[in-house]
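Architecture and fold: a report
Residues per chain are reported as follows:
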Amino acid sequence: MKILYRIYQLCIALPIFLVLTLLTALTTIVGSLIGGAHVWGYYPGKIWSQLTCYLLLLPVKVNGREKLDKHTSYVFAPNHQGAFDIFLIYGFLGRNFKWMMKKSLRKIPFVGKACESAGHIFVDRTSPKGMLSTIRQAERSLTNGVSLVVFPEGSRTQDGSLGSFKRGAFQLADDLQLPVVPVTINGSFDVLPRSAKWVRRHRLELTIHQPIPPQGKGPENVKALMTGTYEAVAGGLK
């Protein structure tokens, strides 16, 4: 079965995926230029992600959507197990959001331009001025229930375990006084870990935990958000 699945990936899934990726990027760019980046920056990517999971025959389970209020903007903070975290969150979180991503990703052909057109937020950590610009862009984007997704570990895990969290996402939530939603991803490391070249069939599971509202403003609130989020994400890991 493993050999047949790899042949399927190479001969069928990969060519379709590349075409889907190109069409999604072009649709996002053109649609965002016409108008309505909140719509064109989210729905093409959502459909692309769902089709990718279905194309690779990956079962998906989502828990906890009922804990979210559709009119509230959140900072979602998931663990980062592997490349399929992107497809799982984009396709199945069920909320319009912007990614916070590394500035270097803007250089990826088509995809980088599509992300820029969609209004996703590129982080410039090189200077205080760059970070201030990031905060201002987030402030403009996170309205009318549009949320933000940040991987607080910063990069994918090497061995499947949960890494330490960086302050950036929680500092931003504190600055904007937004609730943080811990999100636990299970199965993505089994599907495609950082060092793997072939996708393995495994169930993907997304667990949305209870939102953590801001408790005041300042360093103590940042610390409380970070601690509460880490404990919730860790508690949901299998």
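Counting from 1, residues in each chain are numbered in the order their sequence is written. Local features are withheld for residues below a pLDDT of 70 in this predicted model, meaning they are given only at 70 or higher, and side-chain atom pairs are given and counted only at 80 or more; totals for whole chains, interfaces and linings count all residues. To get the side-chain values, take all heavy atoms of the structure and skip hydrogens and water.

Regarding helix H3 (residues 43-55)
- Here H3 contains 13 residues, and its C-alpha end-to-end distance of 18 Å stays within 8% of the 18 Å for a straight helix at 1.5 Å per residue.
- Considered for burial, the residues of H3 that qualify are Pro-44, Gly-45, Trp-48, Ser-49, Thr-52, Cys-53 and Leu-55. For H3, the angular spread of the buried residues around the axis is 165°, confining them to a single face.
- Against helix H1 (2-34), helix H2 (37-40), strand E1 (60-63), helix H4 (84-92) and strand E7 (204-208) lie the buried residues of H3.
- Leu-57 lies just past H3 and shows a positive phi near 60°. The helix count covers DSSP runs of H or I at least four residues long, the strand count covers runs of E at least two residues long, and both are numbered beginning at the N terminus. Residue count minus one, scaled by 1.5 Å, sets the expected span of a helix. Exposure is judged per residue with a 1.4 Å probe applied to protein chains only, and the accessible area is read against the type maximum: over 50% gives exposed, under 20% gives buried, and values in between give partly exposed. Arc definition: it is the arc formed by the directions from the helix axis to the C-beta atoms. Contacts are residue-level and defined by heavy atoms, with any inter-residue pair within 4.5 Å sufficient.

A word on the UniProt feature "transmembrane region" (unreviewed entry) in the protein chain
- UniProt positions are given in the numbering used here, feature names are shortened, and annotations may be inferred rather than shown by experiment. The positions that UniProt labels "transmembrane region" (unreviewed entry) are, in the present scheme, residues 12-34.
- Between the end C-alpha atoms of residues 12-34 there is a gap of 33 Å, over a span that is 100% helix and 0% strand.

Observations concerning the pairing of strand E3 (residues 97-102)
- Most of E3 sits out of view: five of its six residues are buried.
- Taken together, the three bridges between E3 and strand E5 (residues 147-149) define a ladder with parallel strand orientation. Of the residues in E5, the one forming a bridge with Lys-98 is Leu-148.
- Pairing analysis gives three bridges linking E3 to strand E4 (residues 121-123), with the strands arranged parallel. Residue pairing in the sheet places Met-100 in a bridge with Ile-121 of E4. Only when DSSP finds a minimum of two bridges between them are two strands counted as paired.

What about the sheet that holds strand E6 (residues 180-186)?
- Within the open sheet, the seven strands sit side by side as E1-E7-E6-E2-E5-E3-E4. Their pairing is mixed. Edge strands, defined here as strands with exactly one partner in the open sheet, are E1 and E4. Pairwise comparison of adjacent strand axes, ignoring direction, gives a mean angle of 25° for this sheet.
- Sheet analysis places strand E2 (residues 75-78) next to E5, joined by two bridges and oriented parallel. Residue pairing in the sheet places Phe-76 in a bridge with Val-149 of E5. The axes are straight lines fitted to the C-alpha atoms, using for helices just the contacting stretch, and the angles between their N-to-C directions are given from 0 to 180°.

Remarks on the packing of aromatic side chains
- Working definition: a ring pair exists when centres of Phe, Tyr or Trp rings (six-membered ring for Trp) sit within 6.5 Å. Plane angles under 30 degrees give stacked, over 60 give edge-to-face, the rest tilted. Going through the model one piece at a time under the given rule, you end up with 16 aromatic pairs.
- Ring plane angle 25° and centroid distance 5.9 Å describe the contact between Trp-99 and Phe-151, whose orientation is recorded as stacked. One end of the pair, Trp-99, is in strand E3; the other, Phe-151, is in the loop between E5 and helix H7 (168-176), and 52 residues separate them in sequence. Comparing Trp-99 with Phe-151 shows no difference in burial state: the two are buried.

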